[in-house]
Amino acid sequence: FSHLSTLGTSPHEYRTLVLDTTDAATALCTAHVLEKAQQGAGTRGKAVYLTDVGGGFNNAGGGALDEEWVKLLAWLDRLKEAKGMNIIILGHSKLGKFRNPEAGGADFDMWIPRVTEAVWHRIVGWADVVGLAKKDIITGREGILSYLKTGKGVKGQDMPEEARRYAERVLAAR
């Protein structure tokens, strides 16, 4: 957290901090937890995975990871309060299953964050706004032709003019 400490204590003109990404920050926090566990007496042998921390009992590794995120979010709070900075946290997602709790309701796939559930709940509880951004990718001649013909994307959004000109150039060159 030394970079965050520097931002919090040194004069600067920055107004926004972007944490790119939750999964990368989680990897750094995990490495820190494992390093501390290897130095401490709380593990049997070398802690290679979070499940090794604390001898593998009571989800000690997951709890330690969650605590690192508590510290990280506290540092981000200090930047918001002391420096008036905007904080943007980016994260990747993956496709996951959602078990429908409704009787007879079908389970379905949905986008879920690429962090542990505990970390995700910490982030959501801390954040002012949580959103999902995605992009549609059109490939192949047929996809481009369809896009040009309708002027609409896969889900009906307008095709940006720059993308239309590029697609026309690509098709004309073939």
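What counts, and at which threshold
- Residues numbered from 1 in each chain as written.
- Predicted model: local features only at pLDDT ≥ 70, side-chain atom pairs only at ≥ 80, totals over all residues.
- Heavy atoms only, no water.
- Helix = DSSP H or I, 4+ residues; strand = E, 2+ residues; numbered from the N terminus.
- Buried < 20%, exposed > 50% of the residue type's maximum accessible area, 1.4 Å probe, protein only.
- Contact = heavy atoms within 4.5 Å.
- Axes fitted to C-alpha atoms, helices over the stretch in contact; angles between N-to-C directions.
- Parallel < 35°, antiparallel > 145°, perpendicular 65-115°, else oblique.
- Left-handed = near helix turned anticlockwise from the far one by under 90°.
- Nonpolar A, V, L, I, M, F, W, Y, C, P; charged D, E, K, R; others polar.
- Patch = residues over 30% accessible without salt bridge, like charges linked within 9 Å, V, L, I, M, F, W, Y side chains within 5 Å.
- Areas by Shrake-Rupley, 256 points an atom, 1.4 Å probe, with all protein chains shown as cover.
- Salt bridge = Lys/Arg side-chain N within 4 Å of Asp/Glu carboxyl O.
- Phe/Tyr/Trp six-rings, centres within 6.5 Å; stacked < 30°, edge-to-face > 60°.

> Would you explain the overall build of the chain in this entry?
Along its length, the chain carries six helices and four strands. Listing the helices and strands of the chain from first to last along the sequence gives α-β-α-α-β-β-β-α-α-α. With 174 residues in all, the chain has 25% of them scored as buried. Pairs at least 24 residues apart make up 50% of the contacts formed inside the chain by residues separated by at least 6 positions.

> In this structure, what is going on with the packing of helix α1 (residues 2–9) against helix α3 (residues 60–83)? I would like to understand it.
Between two packed helices, both the angle of their axes relative to each other and the distance between the axes serve to describe the pair. Axis separation between α1 and α3 bottoms out at 9 Å; the angle between their running directions is 15 degrees. By the angle between their axes, α1 is roughly parallel relative to α3. In this structure, the crossing between α1 and α3 has a hand that is left-handed. Each of Leu-4, Ser-5, Leu-7, Gly-8 and Thr-9 in α1 lies in contact with α3, whose residues at this interface are Leu-72, Trp-75, Leu-76, Leu-79 and Lys-83. In the contact of α1 with α3, the residues fall into six nonpolar, three polar and one charged.

> Explanation requested: a nonpolar patch on the surface in the structure shown.
Among the surface-exposed residues, Val-18, Ile-88 and Leu-90 lie close enough to one another that they form a single nonpolar patch of about 230 Å² accessible area. Counting through the fold element by element, Leu-90 comes out in strand β2 (residues 86–90).

> Just checking my understanding: could you explain the pattern of salt bridges for this structure?
A side chain with one charge can pair with a side chain of the opposite charge if their charged atoms come near. Considering all chains together, one arrives at five salt bridges under this definition. For Glu-68, the salt bridge is made with Lys-36, and the minimal N-O distance between the two is 3.6 Å. On the criterion of sequence distance, the pair formed by Glu-68 in helix α3 and Lys-36 in helix α2 (residues 22–39) is long-range, its members being 32 residues apart. Here Asp-77 makes a salt bridge to Lys-80, at a shortest N to O gap of 3.9 Å. Taken together, the positions of Asp-77 and Lys-80, both in helix α3 and three residues apart, correspond to about one turn of that helix. Residue classification places Lys-80 among the partly exposed positions, given a relative accessible area of 26%. What emerges from the salt-bridge pattern is a single network uniting Lys-36, Glu-68 and Lys-71.

> Mind showing me how you'd approach unusual backbone geometry here?
What is expected of a backbone is that most residues other than glycine have negative phi and most peptide bonds are trans. For the bond from Asp-20 to Thr-21, the omega torsion is 20 degrees, close enough to zero to count as cis. For Thr-21, the position within the fold is in the loop between β1 (16–20) and α2.

> Please clarify how the side chain of Thr-22 should be interpreted in this entry.
Residue placement: Thr-22 occurs in helix α2. Those residues in contact with Thr-22 that sit more than four places away from it in its chain are Trp-69, Ile-89, Leu-90, Gly-91, His-92, Val-115 and Ile-123.

> Is there a simple way to think about the packing of aromatic side chains in this case?
Following the criterion strictly, the structure yields one aromatic pair and no others. Ring geometry for Phe-98 versus Phe-108: centroids 4.8 Å apart, planes at 40 degrees, classification tilted. You can see Phe-98 sitting in strand β3 (residues 93–98) and its partner Phe-108 sitting in strand β4 (residues 108–113), a full ten residues away along the chain. Judged by relative accessible area, Phe-98 falls into the partly exposed class, the value being 31%. With relative accessibility at 39%, the residue Phe-108 sits in the partly exposed group.

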